[in-house]
Amino acid sequence: QFLKKAYNRALLPCVLSVLSGNINILADGILVGQKLGTNALAAINFSLPVYLVLCIAGSFIVSGTAVCASDAIGRNQSRQAQELYQMSIFWCTAVSVFITVLGLVFLKPLSLLLCFDENVTPLVAEYLGMTIAGALPKILIYIPFWFLRLDGRNGQVTLMMLIMGAGNVILDVLFLYAFDMGVFGAALSSVISTAAACVLGFAKLCDKKSGFTFGFRIKAEGVRLLETARAGSPSAANNLFQTLRVTAINALLLS
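Each value, and the rule that gives it
Position numbers for residues count from 1 along each chain, tracking the sequence in the order it is written. Thresholds applied to this predicted model are a pLDDT of at least 70 for local features of residues and 80 or more for the giving and counting of side-chain atom pairs; totals over whole chains, interfaces and linings are not thresholded and use all residues. Side-chain measures were taken over the full set of non-hydrogen atoms in the model, leaving aside hydrogen atoms and water. Here a helix means four or more residues in a row that DSSP labels H or I, a strand means two or more in a row labelled E, and each is numbered from the N terminus. Throughout, radius of gyration means the C-alpha value; the globule benchmark is 2.2 Å times the number of residues raised to the power 0.38. Working rule for contacts: check all heavy atoms of both residues, and any pair within 4.5 Å makes them a contact. Between the first and last residue of a helix there are one fewer steps than residues, each counted as 1.5 Å, and that sum is the expected span. Take the seven residues that end at a residue and the seven that start at it, fit an axis to each, and the angle between those axes is the bend at that residue. Residues form patches when they are more than 30% accessible in relative terms and have no salt bridge. Like charges link within 9 Å. Nonpolar side chains (Val, Leu, Ile, Met, Phe, Trp, Tyr) link within 5 Å. The protein chains shown are the only cover counted for residues, whose accessible areas, like all others here, come from Shrake-Rupley with a 1.4 Å probe. Salt bridge criterion: a side-chain nitrogen from Lys or Arg within 4 Å of a carboxyl oxygen from Asp or Glu. When a residue's accessible area, from a 1.4 Å probe over protein chains only, is under 20% of the maximum for its type it is buried; when over 50% it is exposed; and in between it is partly exposed. Structural elements are reduced to axes, namely lines fitted to C-alpha atoms, with helices fitted over the stretch in contact, and the angle between N-to-C directions of any two is expressed from 0 to 180 degrees. In this scheme, roughly parallel covers angles under 35 degrees and roughly antiparallel covers those over 145, while 65 to 115 is roughly perpendicular and the rest are oblique. Two helices cross in a left-handed way if the nearer one is turned anticlockwise from the farther one by less than a right angle. They cross in a right-handed way if the turn is clockwise. By nonpolar core is meant a set of buried Ala, Val, Leu, Ile, Met, Phe, Trp, Tyr and Cys residues that side-chain atoms within 4.5 Å join together. Only Asp, Glu, Lys and Arg are considered charged, only Ala, Val, Leu, Ile, Met, Phe, Trp, Tyr, Cys and Pro nonpolar, and every remaining residue, Gly among them, polar.

## Details of the overall build of the protein
The number of helices and strands found in the protein is 10 helices and zero strands. Listed by position from the N terminus, the elements making up the protein come as α-α-α-α-α-α-α-α-α-α. Relative to the 2.2 N^0.38 estimate, which gives 18 Å for 255 residues, the radius of gyration of the protein is 19 Å and therefore close to what a compact globule would have. The long-range fraction of contacts in the protein, counting pairs at least 24 apart against all pairs at least 6 apart in sequence, stands at 81%.

Here it is as C-alpha cells:
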C-alpha cells in the first residue's frame, strides 16, 4: 500500500516533467513557424542541441546528488543528504555561470557551427544568445524537481511543471504576436517561464515544511564525486544521445 501510494503520487509530476519540456519545444515550433516563417523555425531547431546540453549538465549533477541523497536518507544520514543538496546547488550554479560566459563569448562561432546558412545563422545567434544567458534557471530547475520529490512534495513539482509549460505558451503568444519580438521573444518566454517555475520550487524548498536547508558546498562528506557521477550518468546519457540525434538530423537537413 505504501509503495502504491508513493508511486501514484510521483506519477503525474514525472509525466508532466516530460510533457513540459516537449510543450516548450512544440509551442515555440508551432507559434514561431506560424508567425515568423520557416527560417525562424529552422533557427529554433538548430539551437536545440544547446538547450539539450543545459539539460545534460542539470540532469547529470542533480540526479547524481539526489540519488545519493536518497540513499543517505535511507541509511538515516540526513546530514549527508543535506550536504548533497547543497553540493548540487553549488555545482549547478558554477556550471551555469561557466556555460553562460563561455557561450556568450563564443556565440558567433557557435552559431556558425550549428548552422552555416547565411539567412538562418543570425536568427540562430539571436535565439542562442537568450538561451545561453538564461542557462542558470534552466539548469537549476532540476534541483527542486528532484529534491521536492525526495521531500515527498510531488504536488509542488506538478505546479512547477504547469507553470513552466503553460507560462511558456502564454508568453510566446504575448511576445510573438503582441510585441512582435521575433525569435528573441520565443527564447525569452522559455527563460522567463523556466525561471518562474525555478523560483517557486526553491521557495518551497526553503519554507518551514522543507527537509532541506539552502546553502553551497563543493563536496559532501563521506561521498565520493565518482559515486554521484555514476548515479547521474544514466539521466545525463539520455539527454546526451538526444543531443547527438538532433545534431545529426540537423546536419543532414542542412546539407
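Structure's up, so let's keep going.
## Some thoughts on helix H2 (residues 38-74)
The end-to-end C-alpha distance of H2 is 52 Å, a good match for the 54 Å that 37 residues give at a rise of 1.5 Å each. Residue Leu-48 marks the point of greatest curvature in H2, where the axis turns by about 35°; the proline Pro-49 follows within four residues.

## Notes on a nonpolar patch on the surface
Residues Tyr-7, Leu-11, Val-15, Leu-19, Ile-23, Val-169, Val-173 and Tyr-177 make up a contiguous nonpolar surface patch of about 660 Å² in total accessible area. Listed by contribution, the elements that provide at least two residues to the nonpolar patch are helix H1 (2-36) and helix H8 (154-178). Ranked by residues supplied to the nonpolar patch, first place goes to H1 with five residues. For Ile-23, a relative accessible area of 34% translates into the label partly exposed.

## Details of the packing of helix H5 (residues 121-133) against helix H9 (residues 182-205)
The contact between H5 and H9 brings their axes to 8 Å, and the two run at 20°. By the criterion of interaxial angle, the relationship of H5 to H9 is roughly parallel. Crossing of H5 over H9 shows right-handed handedness. Contacts between H5 and H9 involve Leu-123, Glu-126, Tyr-127, Met-130 and Thr-131 from the first element and Val-183, Phe-184, Ala-186, Ala-187, Leu-188 and Val-191 from the second.

## Focus: the pattern of salt bridges
Taken as a whole and judged by the stated rule, the model has five salt bridges. Note that Arg-217 is salt-bridged to Glu-83, the shortest N-O span being 3.9 Å. Here Arg-217, found in the loop between H9 and helix H10 (225-254), pairs with Glu-83, found in helix H3 (residues 78-105); they are 134 residues apart in sequence, far enough to count as distant. Assessed through its relative accessible area of 32%, Arg-217 is described here as partly exposed. A relative accessible area of 4% means that Glu-83 is categorised as buried. Linked by salt bridges that have partners in common, Arg-79, Glu-83 and Arg-217 make up one network.

## Examining the nonpolar core
If you look at the biggest cluster of nonpolar residues, it comprises 38 residues, and the most contacted ones within it are Tyr-85, Ile-141, Ile-143, Phe-147, Met-161, Phe-202 and Leu-205. Elements with a contribution of two residues or more to this core: H2, H3, helix H6 (135-140), helix H7 (142-150), H8 and H9.

## A closer look at the side chain of Gln-82
Its place among the elements puts Gln-82 in helix H3. Using a relative accessible area of 19% as the deciding quantity, one classes Gln-82 as buried. Those residues in contact with Gln-82, other than ones at most four positions away along the chain, are Gly-211, Phe-212 and Thr-213.

## Observations concerning the side chain of Gln-80
With respect to the helices and strands, the residue Gln-80 is situated in helix H3. Once residues lying within four places of it in the same chain are set aside, the contact partners of Gln-80 are Ala-72, Arg-75, Ala-220, Glu-221, Gly-222 and Val-223.

## Some thoughts on the packing of H7 against H9
Look at H7 against H9: their axes get within 8 Å of each other, and the N-to-C directions meet at 40°. Here H9 runs oblique to H7, going by the angle between their axes. Like other packed secondary-structure pairs, H7 and H9 cross with a definite hand, here left-handed. Packed against H7, whose contacting residues are Ile-143, Pro-144, Phe-147 and Leu-148, the element H9 presents Cys-198, Gly-201, Phe-202, Lys-204 and Leu-205 at the interface. Taken together, the residues of the contact of H7 with H9 sort by class into seven nonpolar, one polar and one charged.

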